[in-house]
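In case you want the letters, here they are:
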Amino acid sequence: MHGELQEIGEEFYLLRSEEEDFHRNIYIKRFVGPDGDSLNMIMDPGTPLDYPALSKALKDLIGGIRNLHIIFLSHQDPDVSSNVGAILASAPRALVFTSIDTWRLVKMYGIPENKFKPIESFKRELLKVKRTGHWIQFVPARYCHFRGAMMLYDHESRILFSGDFMAGVNTRKGPGIYATEESWEGISLFHQIYMPSKKAIQRTVDRIGMLNPLPQVIAPQHGDVVKGELVDEFLHRLSSMDVGLDTEESIEAEKENLYVALNSFLDMLKLTYPAVHSKLISTLTTAGEFTTVFKIVGDNVLEVKLLPKTALEHFWKAMKSSAEADLHEELAGLFVNSLRSFGVEPPPELSRPAPEDKTLTTEMVNLDKIFG
Ligand SMILES: [Fe+2]
Ligand SMILES: [Fe+2]
């Protein structure tokens, strides 16, 4: 299922697939010359699932797939490029414009070498379409999210087709195609998963900032079309957020804080409740079903083998099994204080406010029995 073809700028059209959570955007640009003759380009033509809707839409717009001249690919992912073979079979004059890095992989669909126009072979970034007088610009989006990723800027409509850059999963609900504040969560999520590093994003944002004139609209391959003030706003937010490797590095930083907090708690426990302390150390250093979660040398935690959040839950469980039940509340208070003083969020069980309702208390007691 697809929506109708919609014109989002001068002769720049969008065909949006209708998945609720994560869809594809296919764009078509008609460069119409003074004599009415046109050069027709499709950007990221999608998958075989899109072919029937695309075929119908192109029939209405340009008289059929056979009248396509340029197939621009931002990169080689299947959601972007798996339709290329079928489109080329119906559009004998069309050429594939893409980077050499992308072509190396896309040609494995069985596409002959003479159909390929490497973007790197153009002497300049800014190009004039001879037949119609329009200006277009290929803009590298290196490592966003592929080394050879490319974007395409159409000067006539001032729309930048950005491929997976500024793409998003759908967190804005309801009909429409334009981004609102609600779309940001999905863009942020998509970039955290697919973009390798903040540095790659910043370089792409810088390249966009050098475009003259600046784009008024950013049209990504997934999610909502971004226009107006949100273009600047989202570019700004993207260039300052942690993604990919940065996220993993920030987990390392989180772990460092966790070690300091746990060791400070253990020191205090050793002074105030030495028997509980020695039982806890022995519990933590005894392998359970899988392995020991903590690497402890002497009385110090040197390493955790799980995500900090999971490790903390495990630690508190071991703590409870090492102390009499009537000490739990006091120990919980000391534990939470140690964690908070080093900026570590306590496990949800301990940060939850005390329940007022008796039924809830009973339920929690029962749950405790089940999970130990
Ligand atoms: Fe992709
Ligand atoms: Fe994609």
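Residues numbered from 1 in each chain as written. Chains lettered and ligands numbered in written order. Predicted model: local features only at pLDDT ≥ 70, side-chain atom pairs only at ≥ 80, totals over all residues.

1. Considering the overall build of the protein
What counts is decided by this rule: Elements are defined by DSSP. Helices are runs of H or I of four residues or more, strands are runs of E of two residues or more, and each kind is numbered from the N terminus. As defined in this context, the radius of gyration uses C-alpha atoms, and a globule is described by 2.2 Å times the residue total to the power 0.38. Think of it this way: build a C-beta for each residue from its backbone, and any pair within 7 Å is a contact.
Of the regular secondary structure elements, the protein holds 13 helices and 15 strands. Its C-alpha atoms give the protein a radius of gyration of 28 Å, more than 25% over the compact-globule value 21 Å for 372 residues. Projecting the C-alpha coordinates of the protein onto the three principal axes gives extents of approximately 90 × 45 × 40 Å. In the protein, of all internal contacts separated by at least 6 residues, the share reaching a separation of at least 24 is 60%.

2. Notes on the pairing of strand β12 (residues 217-220)
This is how it is decided: Each residue is classed by its C-beta neighbour count within 10 Å, where at least 20 other C-beta atoms makes it buried, 12 or fewer makes it exposed, and intermediate counts make it partly exposed; the C-beta atoms are placed from backbone geometry. For two strands to pair, DSSP has to find at least two bridges joining them.
Every second residue of β12 is oriented toward a common face, with Val217 and Ala219 on one face and Ile218 and Pro220 on the other, all of them buried. Judged from the four bridges that link them, strand β11 (residues 159-163) and β12 form a sheet pairing that is parallel. Bridged to Phe161 within β12 is Ala219. Across two bridges, the pairing between β12 and strand β13 (residues 226-227) is antiparallel. Bridging across to β13, Val217 finds its partner in Lys227. Here β12 folds back onto β13 in antiparallel fashion, the turn holding five residues, of which Gly223 has a positive phi close to 85°.

3. Considering the sheet that holds β13
Taken in spatial order, the six strands make up an open sheet running β8-β9-β10-β11-β12-β13, and their pairing is mixed. This sheet does not close on itself; its edge strands, each paired only once, are β8 (126-129) and β13. Of the pairings in the sheet, the one linking strand β10 (residues 150-154) to β11 comprises three bridges and is antiparallel in character. The partner of Tyr153 across the bridge, within β11, is Leu160.

4. Some thoughts on the packing of helix α9 (residues 274-284) against helix α10 (residues 308-322)
Threshold: In this description, a line fitted to the C-alpha atoms serves as the axis of each element, helices being fitted only across the stretch in contact, and the angle between N-to-C directions of two axes falls anywhere from 0 to 180 degrees. For classification purposes, angles smaller than 35 degrees are called roughly parallel, those larger than 145 roughly antiparallel, those between 65 and 115 roughly perpendicular, and all remaining angles oblique. Each helix crossing is assigned a hand: it is left-handed if the near helix lies turned anticlockwise from the far helix by less than a right angle, otherwise right-handed if that turn is clockwise. Gly is put with the polar residues, along with every residue not named as nonpolar or charged; the nonpolar set is Ala, Val, Leu, Ile, Met, Phe, Trp, Tyr, Cys and Pro, and the charged set is Asp, Glu, Lys and Arg.
Contact geometry of α9 with α10 gives a least axis separation of 9 Å together with a crossing angle of 130°. Relative to α10, the element α9 lies oblique. For the crossing formed where α9 meets α10, the hand is right-handed. On α10, the residues that touch Val276, Lys279, Leu280, Thr283 and Leu284 of α9 are Ala318, Met319, Ser321 and Ser322. When grouped by side-chain class, the residues that make up the contact of α9 with α10 number five nonpolar, three polar and one charged.

5. Regarding the nonpolar core
What counts here: Each nonpolar core comprises buried Ala, Val, Leu, Ile, Met, Phe, Trp, Tyr and Cys residues, the members being joined through C-beta atoms within 7 Å.
Ranked by size, the top nonpolar core spans 65 residues in total, and within it Tyr27, Ile71, Met151 and Ala219 carry the most contacts. Not counting residues within four places of it along the chain, the set of residues in contact with Tyr27 comprises Phe12, Tyr13, Leu14, Met43, Phe161 and Ala219. Counting residues in each nonpolar core, the second largest holds 23 residues, with Leu269, Ile281, Phe294 and Val304 among its members.

6. Section: helix α1 (residues 51-62)
Short version of the rule: Every helix has an expected span of 1.5 Å times one less than the residues it contains. Starting at the helix axis, one direction is taken to each C-beta atom, and the arc is that of these directions.
The terminal C-alpha atoms of α1 lie 15 Å apart, and with 12 residues this matches the ideal 16 Å at 1.5 Å per residue to within 8%. Of all the positions in α1, only Ala53, Leu54, Ala57 and Leu58 are classed as buried. Projected down its long axis, α1 carries its buried residues within an arc of 125°, all on one side. More than 90 degrees from the buried face of α1, the exposed residues found are Pro52 and Asp60. Summarising the contacts, the buried residues of α1 are in contact with β2 (12-16) and β3 (25-32).

7. Concerning the domain arrangement of the protein
Definition in use: Residue ranges labeled as domains rest on an automatic or database domain assignment.
Segmenting the protein into domains produces domain 1 (6-241) and domain 2 (246-371). In this structure, domain 1 and domain 2 have C-alpha centres spaced 49 Å apart.

8. Some remarks on unusual backbone geometry
Outside of glycine, negative phi angles account for most residues, and trans bonds account for most peptide bonds. Cis geometry marks the peptide bond from Cys144 to His145; its omega dihedral reads -5°. Secondary-structure assignment places His145 in the loop between β9 (134-140) and β10. Residue Pro213 follows Asn212 across a cis peptide bond; omega there is 0°. Along the polypeptide, Pro213 turns up in the loop between α6 (198-209) and β12. One non-glycine residue, Arg158, lies in positive phi territory at about 55°.

9. Here's the deal with the confidence of the model for the protein
Detail in the predicted coordinates should be disregarded across regions flagged by low pLDDT. Rule in force here: For every residue, the predictor assigns a confidence score, pLDDT, that lies between 0 and 100.
Residues of the protein with pLDDT of at least 70 account for 93%, and the chain-wide mean is 91. A low-confidence stretch, residues 357-363 (pLDDT under 50), is modelled with two contacts involving residues beyond four sequence positions or located in other chains.

10. Thoughts on the environment of Leu95
Its location among the elements puts Leu95 in strand β6 (residues 95-98). Classification of Leu95 as partly exposed rests on a count of 16 C-beta atoms within 10 Å. Note: C-alpha distance between Leu95 and Ile71 (24 residues apart in sequence) is 6.1 Å. Here Leu95 is in contact with Ile70, Lys115 and Lys117, once residues within four sequence places are set aside.

11. As for the sheet that holds strand β7 (residues 116-118)
Taken together, seven strands build an open sheet; the order of strands is β1-β2-β3-β4-β5-β6-β7 and the sheet is mixed. Sheet topology places β1 (6-9) and β7 at the edges, where each strand pairs with a single neighbour. Across the sheet, the axes of successive neighbouring strands diverge by a mean angle of 30°, strand direction being ignored. Pairing geometry for strand β5 (residues 70-72) and β6, over three bridges, is parallel. Looking at the pairing, Ile71 lines up with Val96 of β6. Its contacts with the sheet place α1 against β2, β3 and β4 (38-43), and it is angled at close to 155° to β2.

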